[in-house]
Amino acid sequence: MRQTTEAFRSRYRADIHPRYNPWLHGAFVLIFGLLAIAGFWSTVQQVQPLEWLALPLTLLVFNVGVYTVHRHLGHHKKSFARLFYARHTGDHHSFFAPGYMTYDSARDWRVILFPAWLIVVHTLVITLPVWWLLRQFDTNVAGLVAGCLVLGYLTYEVFHACEHLPPENPLTRLPWIRQMRRLHELHHRRELMQERNFNIVFPLTDYLFGTLYWEPEPTYLTSTPMTRMQHQIKIAGNPIEVLAYASTVTRWPEWHPSSLKVEGPGGPLHAGSRFEEDIRAGGREGHLTWAVNEYLPGRRWSAQAHGDNGLALVVTYECEADGDGTRFVRTLEYQFSGLAMRIANRLLLRRRIDRESAASMLALRDMALKQLAPAGVTA
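Residues numbered from 1 in each chain as written. Predicted model: local features only at pLDDT ≥ 70, side-chain atom pairs only at ≥ 80, totals over all residues. Heavy atoms only, no water.

Participant: With reference to specific residues and values, describe unusual backbone geometry.
Facilitator: Phi is positive for Gln 46, close to 45°, though the residue is something other than glycine. A relative accessible area of 73% means that Gln 46 is categorised as exposed. (Buried < 20%, exposed > 50% of the residue type's maximum accessible area, 1.4 Å probe, protein only.)

Participant: Can you lay out a nonpolar patch on the surface for me, pointing to particular residues and giving the numbers?
Facilitator: A contiguous nonpolar surface patch, about 570 Å² in accessible area, is contributed by Trp 117, Val 121, Leu 124, Val 125, Ile 126 and Leu 128. Mapped onto the elements, Leu 124 comes out in helix H5 (residues 117-135). (Patch = residues over 30% accessible without salt bridge, like charges linked within 9 Å, V, L, I, M, F, W, Y side chains within 5 Å. Areas by Shrake-Rupley, 256 points an atom, 1.4 Å probe, with all protein chains shown as cover. Salt bridge = Lys/Arg side-chain N within 4 Å of Asp/Glu carboxyl O. Helix = DSSP H or I, 4+ residues; strand = E, 2+ residues; numbered from the N terminus.)

Participant: Give me the lowdown on the sheet that holds strand S3 (residues 274-281), citing residues and values where you can.
Facilitator: The sheet built from seven strands is open, its strands ordered S1-S7-S6-S5-S4-S3-S2 with antiparallel pairing. Of all the strands in the sheet, just strand S1 (227-236) and strand S2 (259-263) have a single pairing partner and so form its edges. Within this sheet the neighbouring strands show an average axis-to-axis angle of 20°, counted without direction. In terms of strand pairing, strand S6 (residues 311-322) meets strand S7 (residues 325-336) through twelve bridges, oriented antiparallel. Within S7, the residue paired with Thr 316 across the bridge is Thr 331. Its contacts with the sheet put helix H9 (residues 239-246) on S1, strand S4 (284-296), strand S5 (300-307), S6 and S7, and the angle it makes with S6 is roughly 160°. The sheet contacts of helix H11 (residues 339-372) involve S1, S3, S4 and S7, and relative to S1 the element is tilted by about 15°. (Pairing = 2+ DSSP bridges. Axes fitted to C-alpha atoms, helices over the stretch in contact; angles between N-to-C directions. Contact = heavy atoms within 4.5 Å.)

Participant: For the pattern of salt bridges, give the residues involved together with the corresponding values.
Facilitator: For the structure on display, the rule yields 17 salt bridges. With its nearest N and O atoms 3.9 Å apart, the salt bridge here joins Glu 6 to Arg 228. Of this pair, Glu 6 sits in helix H1 (residues 5-15) while Arg 228 sits in strand S1; the two residues are 222 residues apart in sequence, bridging distant segments of the chain. Exposure remark for Glu 6: the relative accessible area of 30% places this residue in the partly exposed category.

Participant: So what about the domain arrangement of the chain? Which residues, and what values?
Facilitator: In terms of domains, the chain is made up of domain 1 (5-209) and domain 2 (227-372). Relative placement of domain 1 and domain 2: their C-alpha centres are 37 Å apart. Contacts between the two partners involve eleven residues from domain 1 and, on the opposite side, twelve residues from domain 2. At the boundary of domain 1 with domain 2, total buried surface from both sides reaches about 900 Å², with 35% on carbon and sulfur atoms. (Domains from an automatic or database assignment. Buried area = accessible area lost by both parts, 1.4 Å probe.)

Participant: Could you give an account of the pairing of S3, naming the residues involved and the relevant values?
Facilitator: Sheet topology places S2 next to S3; four bridges connect them, and they run antiparallel. Note that in S3 the partner of Val 262 across the bridge is Glu 277. Here eight bridges tie S3 to S4, and the two strands are oriented antiparallel to one another. Across the sheet, the residue bridging to Glu 277 is Leu 288, located in S4. The loop that links S3 with its antiparallel partner S4 comprises two residues; one of these, Gly 282, has a positive phi angle of about 65°.

Take a look at the structure:
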């Protein structure tokens, strides 16, 4: 059954064991990793200049290894890695999608961090044999390499957790973490996750293999908090047809009271498509320039826009099969850059826009019933 991101999050959280302790999970991984690193590096003494090369070379190999595992096992089904694929693409990428990239509480670490036992396996099954083998030739190189392999694991866990931090966390403003957060957010787009941005800590292998993809952060992610409102309704028809109709933007004036005129391609718009819209929202007329972020037929469609008076907004449609119909969820997030418009929004506009958004759901239901019943819409 197709699910919205909110529905999947609710189900996943309900399935987490009541005794799961995220702080114990994180502390065990960190303490075990630091002790393992200290143990391996305690064998290192009087390092020669050439032996120090083991540090950057090991981190380079680890970077390539993470990229390879993430790209080829995390996003492509292999019989010997079914559980990893299910946990990564099935769980992690369903829990964190564009517009839902941050965790809400520490218990959500369950879908970010690797299982706690995995660092033990990484240390005992992979790192320890590598240390023993290299020790036959050079004790210092063995210790440096083994310590770096565990350090790479810890760094991955820390950076990945930072890439899903709430935006108000001060760590998200650090330059390195901020850039990796943006790359990881782009990777979580459905149309990009199998092809782009597989590195988590440093995008070296993505750069070398030509899979690095970058877009500047939209202004709505870097300025003041956004006003968020969400409405939902049940619509007759299957999710693919309903979402295809709703994402055919040239038909928005048929059902959305704020949409006056849309100029753009016909049919449901895919990621990368652009269009223009004249609106009257909250009693004010304006113009919007849109870019589609994502289109997953029958499940999710998202686009962002900027307009007059410093207006920036994101609209997301999500569909889920509900009996013989579709549960349609519309999420609107918007903000104004100017102080005067932010005050006007708080005092007046927000309530008007909320009423218009609620009315649009009723109109969409009625229009979809008329349009889909006779002929249907294909994606």
